[in-house]
Amino acid sequence: MRLHSSSVAERGRDLLRLPLKTNRDVVAARQAVARELKARGARPIRVTRFATAVSEIARNTVLHGGGGSFAVFLDPASGYLMVECRDAGEGIADLDRAMTDGYSTGGSMGRGLGGAKRLADRFEIETGPGKGTRVILGARL
Amino acid sequence: MSGVAAINLVENALLVSIQDDVTDTDIIELQDTLSQRIALEENIRGVVLDISALEIVDTFVGRVIAQLAGIARLLDAQTFVVGMRPAVAVTLVELGMYLPESRTALSLTHALAQLKRG
């Protein structure tokens, strides 16, 4: 999976940027993205779906990535509300397996990554052993 | 414990309202606390989790609720989840989470009535 958009320079100013270090930060991130969606008139089902996807990915950043950062921005081309979670952790060695429901290295259910991909309107991931992980999620407005 | 309101004992059931700012740590602590109380206090027949304040239930919170329901069942108590928002139900199904050990009820009144019937 390759990113085809949104280097920091192209995407312009972030609407907000938060640290992702603790599980309280995960709550702050999902609540912030829910606020941003509601402020743009998103319906409850869309808010819940996307905020759930963000919660899954943000938790991965904290638990598996050793912490990182969270940013919200608008994609000028599509008008989507976008979220980026990135860390400088170990990265994911076998992405295909990690995306499969039921596979987990962290003692969880292993539904997080695949679930987030299903719940978001856009999903992109860049990762690899020793490269950290960067996930971009997008919500159609 | 933030993220979780006080635990109240009503008619042999432990009632808890989970708040929207609940963290992973809070929900694990809640699971421990409720398990202890079911085991140690006499005549507790049920646990009622009010999740009406929750805008999201992700795989972690869903898994802890499912585990709590499993623990409670082993300790001869039933777990009811009440107040689930429609958007949360839709999302849980998309995540493949069906909370099999817990029963859902539309309101606290319904949950308590079902507990009385046994």
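Scoring rules and cut-offs
- Residues numbered from 1 in each chain as written.
- Chains lettered and ligands numbered in written order.
- Predicted model: local features only at pLDDT ≥ 70, side-chain atom pairs only at ≥ 80, totals over all residues.
- Heavy atoms only, no water.
- Helix = DSSP H or I, 4+ residues; strand = E, 2+ residues; numbered from the N terminus.
- Buried < 20%, exposed > 50% of the residue type's maximum accessible area, 1.4 Å probe, protein only.
- Areas by Shrake-Rupley, 256 points an atom, 1.4 Å probe, with all protein chains shown as cover.
- Pairing = 2+ DSSP bridges.
- Axes fitted to C-alpha atoms, helices over the stretch in contact; angles between N-to-C directions.
- Contact = heavy atoms within 4.5 Å.
- Buried area = accessible area lost by both parts, 1.4 Å probe.
- Salt bridge = Lys/Arg side-chain N within 4 Å of Asp/Glu carboxyl O.
- Polar contact = N/O pair within 3.5 Å; in protein donor to acceptor, adjacent residues only side chain to side chain.
- Arc of directions from axis to C-beta.
- pLDDT = per-residue confidence, 0-100.

Considerations on the overall build of chain A
A tally of regular secondary structure across chain A gives five helices and five strands. The linear arrangement of helices and strands in chain A, starting from the amino end, is α-β-α-α-β-β-α-α-β-β. Considering chain A as a whole, with its 141 residues, one finds that 52% of them fall into the buried category. Carbon together with sulfur atoms contributes 50% to the accessible area of chain A, which is approximately 6,600 Å² in total.

Some details on the sheet that holds strand S2 (residues 13-17) of chain B
Within a sheet, neighbouring strands are paired by backbone hydrogen bonds and run either parallel or antiparallel to one another. Residues and elements named next belong to chain B. With respect to topology, five strands assemble into an open sheet ordered S1-S2-S3-S4-S5, the strand pairing being mixed. The strands lining the two open edges of the sheet, one partner per strand, are strand S1 (8-10) and strand S5 (103-105). Strand-to-strand, the axes of this sheet are offset by a mean angle of 30°, without reference to chain direction. Direction of pairing for S1 relative to S2: antiparallel, over a ladder of three bridges. Opposite valine 10, over in S2, you have alanine 13 as the bridge partner.

Description of the interface of chain B and chain A
At the junction of the two partners, chain B supplies 23 residues and chain A supplies 25 residues. Roughly 2,000 Å² is buried in total at the junction of chain B and chain A, and carbon and sulfur atoms are behind 51% of that figure. Among the residues chain B hides against chain A, the three largest losses belong to B:Glu55, B:Ile56 and B:Glu94. Together they make up 27% of the total. Taking the shortest distance from any N to any O, the salt bridge between B:Asp24 and A:Arg59 comes out at 2.6 Å. Seen at the junction of chain B and chain A, the total is twelve residue pairs in polar contact (both at pLDDT 80 or more).

Side note on helix H4 (residues 108-117) of chain B
All names here are of chain B. Within H4, burial applies to Ala111, Leu112, Gln114 and Leu115. In an axial view of H4, the angular spread of the buried residues amounts to 160°, which keeps them on one side of the axis. Opposite its buried face, H4 presents the exposed residues Thr109, Lys116 and Arg117, each directed more than 90 degrees away. Against S1, S2, strand S3 (46-50), strand S4 (78-82) and S5 lie the buried residues of H4. Glycine 118 occupies a position one or two residues after H4 and carries a positive phi of about 85°.

Overview of the pairing of strand S2 (residues 68-74) of chain A
All names here are of chain A. The buried fraction of S2 is high, at six of seven residues. By the bridge criterion, five bridges tie strand S1 (residues 16-20) to S2 in an arrangement that is antiparallel. When the bridges of S2 are listed, leucine 16 appears paired with valine 72. When S2 meets strand S3 (residues 81-87), the two strands line up antiparallel, connected through seven bridges. What sits directly across from leucine 74, in S3, is leucine 81.

Comments concerning the side chain of B:Ser35
Tracing the backbone through its elements, the reader meets B:Ser35 in helix H1 (residues 24-40). Leaving out residues up to four positions away in the same chain, B:Ser35 has contacts with B:Leu68, B:Ile71 and B:Leu75.

A few points about the confidence of the model for chain B
Scored by pLDDT, chain B comes out at a mean of 92, with 99% of its residues at no less than 70. Overall fold confidence (pTM) sits at 0.91, and the ipTM for the predicted complex is 0.92.

Here's the deal with the pattern of salt bridges
Scanning the model with the defined rule gives 19 salt bridges over all chains in all. Residues B:Asp76 and B:Arg45 are paired through a salt bridge, measuring 3.4 Å at the closest nitrogen-oxygen approach. Note that B:Asp76 is positioned in the loop between helix H2 (59-74) and S4 and B:Arg45 in the loop between H1 and S3, a separation of 31 residues in sequence. For B:Arg45, a relative accessible area of 42% corresponds to the partly exposed category. One salt bridge connects B:Arg73 with B:Glu101, and the closest N-O pair in it is separated by 3.3 Å. With B:Arg73 in helix H2 and B:Glu101 in the loop between helix H3 (86-94) and S5, this pair connects stretches of sequence that are 28 residues apart. Residue class for B:Glu101 comes out partly exposed when judged on its relative accessible area of 31%. Each member of the salt-bridge network shares a partner with another, and the members are A:Glu56, A:Arg59, B:Asp24 and B:Asp58.

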